[in-house]
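Summary of the model geometry
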Amino acid sequence: MTSPGPASQNLPPDQVFDWLDVEAEKRAEAGLVRKLRIRQAQEAELDLAGNDYLGLARDKRVAGAAAAAALRWGAGSTGSRLVTGTTEVHAELEHELARFCGAQAALVFSSGFTANLGAVTALSGADSAIVTDKYIHASLIEGCRLSRSDIAAVAHSAPGAIKHALSTRRKPRALVVTDSVFSVDGDIAPLEELAGVCREHGASLLVDDAHGFGVLGEGGRGAVHAAGLSGAPDVVTTITLSKSLGAQGGAVLGPRRVIKHLVDTARSFIFDTALAPASAAAALAALSALKAEPELATKVTEAAGNLAMQLKAAGFRVGLPDAAVISIQAPSPDAAVAWASSCADQGVRVGCFRPPSVPDGISRLRLTARADLTEADVDRAVAVITAAAPPGATS
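Below, the structure is looked at part by part. (Residues numbered from 1 in each chain as written. Predicted model: local features only at pLDDT ≥ 70, side-chain atom pairs only at ≥ 80, totals over all residues. Heavy atoms only, no water.)

This paragraph deals with the state of the cysteines. Per the counting criterion, the structure on display carries 0 disulfides. Cys144 takes part in no disulfide bond, and the closest cysteine sulfur to it belongs to Cys198, at a distance of 13 Å. Cys343 takes part in no disulfide bond, and the closest cysteine sulfur to it belongs to Cys352, at a distance of 10 Å. By relative accessible area, which is 0% here, Cys343 ends up buried. (Disulfide = S-S within 2.5 Å. Buried < 20%, exposed > 50% of the residue type's maximum accessible area, 1.4 Å probe, protein only.)

Okay, here's the thing in C-alpha cells:
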C-alpha cells in the first residue's frame, strides 16, 4: 500500500492558488510590484520611456500605411506565415530590410521576442554550446533555456571571458549571443572583438540589434553594420520593428541558408500567427522614411548625449550613452518607483527598471532619447528629474 502524499497535494479548489498570494507579498515587500497604466491616445506628457527612437510611431506616412493595409488585407493575418499569414507586404518588408542592412535575407516574426526565441533555439540544440553576455535581453535568455544546449553566461562585455568559455566547451558547435546595445544601461558590445573570438574558435555570432538598428551605423543601419559585420557568413542579427520603426514585430537577418533553416525549424515562426499586415506595412513605410531622412539617426544620438551630459552635470549617476538609452541609478527599488511616479505627475514619463529586469540588481530610471526631442524638451526633463529626485540619488 502506498502512503498518502503531502497534505498540500489535497488542497480544495479555492486554495490551489494560495501560493500566488504568498509570492505577491514577497514582491510587495521587495518593492517589485508592477502595475499596468492605461494611457490616452494623445497625452501632454513628454515621453522618455518608450522606444520610438525616430519619432515615427505617429508619423502620418507610417500610420497611413498601416490603415491602408488593414483595409486591404484585414485586421489580422488569419494564420501562421506558412499557412495563410504571408502577404506580399511581408515579403517586400523582408527584401527591403535585408537590402538596407546588407544581409543576404531576412525573416519577419510577430515580435522581437519571438524572433529571438526562434533564432536562438533553431541555431543551437543538444550538440551546441551557447556562450552569452550575462546582461542579454530576457527574450534571448528564454531562447537559451529552451535550446537544450550547454549554457555559459559570462562577464559583461568581456571578450576574454567569451574566449575562455569557447575554448573549454564540450560540444562541437557553439553560438555566441549578445545584445548590440544593452537595453538597461545603453552601452554597446565590442562586436568586432567578439566576431574575432568566434572565428578563432569556430563559433557563430548572434547579435540582438534591437536598440542599435535605426540609431547607429550609416543612416541607421545598425550596430552590426557599423562594425562591418553585415553580410558576414557567420553572423546573424535580430531586430525589432517596434522601436526605431515605430511599428510592431521583429526580424532575423543573415545568410540565406540560416533564414531557410529558420523557416523549417523555428517553432516561434512555424506555430505563431503571422505579424498583422498593418504592422508590416507600417514598418515598411517607416523604413522608407528612414532612407529618405538618414539624419534622423544622428539626431537621436545627439539628443541622448545632450540629455546625459546635463543629468551628469546635475550630479546623477549616469553614464554617457552609446546609442539612445540613458540610465540613472536609483537608491532602491521603492525609490525608483516613487521617483518615476513623481516625474510622471510633473509631465515627464520615464522608465523604471528594477530586479529582475536589471541583471546587476541596481534599480534605475531608464530614459530614451528621440530624434524629435528639442533643447526645451531636454531642459524640461532635467529640471523635472532633478526636482523629483529622492535622497541619495546624486553622488
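Strand order in the open sheet made by the 7 strands is β2-β8-β7-β6-β5-β3-β4, with mixed pairing throughout. The two strands at the open ends of the sheet, each matched to only one other strand, are β2 (105–109) and β4 (150–154). Direction aside, neighbouring strands of the sheet carry axes that sit 20 degrees apart on average. Here strand β7 (residues 235–240) pairs with strand β8 (residues 250–254) via 4 bridges, running antiparallel. (Pairing = 2+ DSSP bridges. Helix = DSSP H or I, 4+ residues; strand = E, 2+ residues; numbered from the N terminus. Axes fitted to C-alpha atoms, helices over the stretch in contact; angles between N-to-C directions.)

Summarising burial for β2: 5 of the 5 residues are buried, a large majority. With burial as the criterion, each face of β2 is covered, one bearing Ala105, Leu107 and Phe109 and the other bearing Ala106 and Val108. For β2 and β8, the ladder comprises 5 bridges, and the chain directions are antiparallel. Following the sheet pairing, Ala105 is matched in β8 by Gly254.

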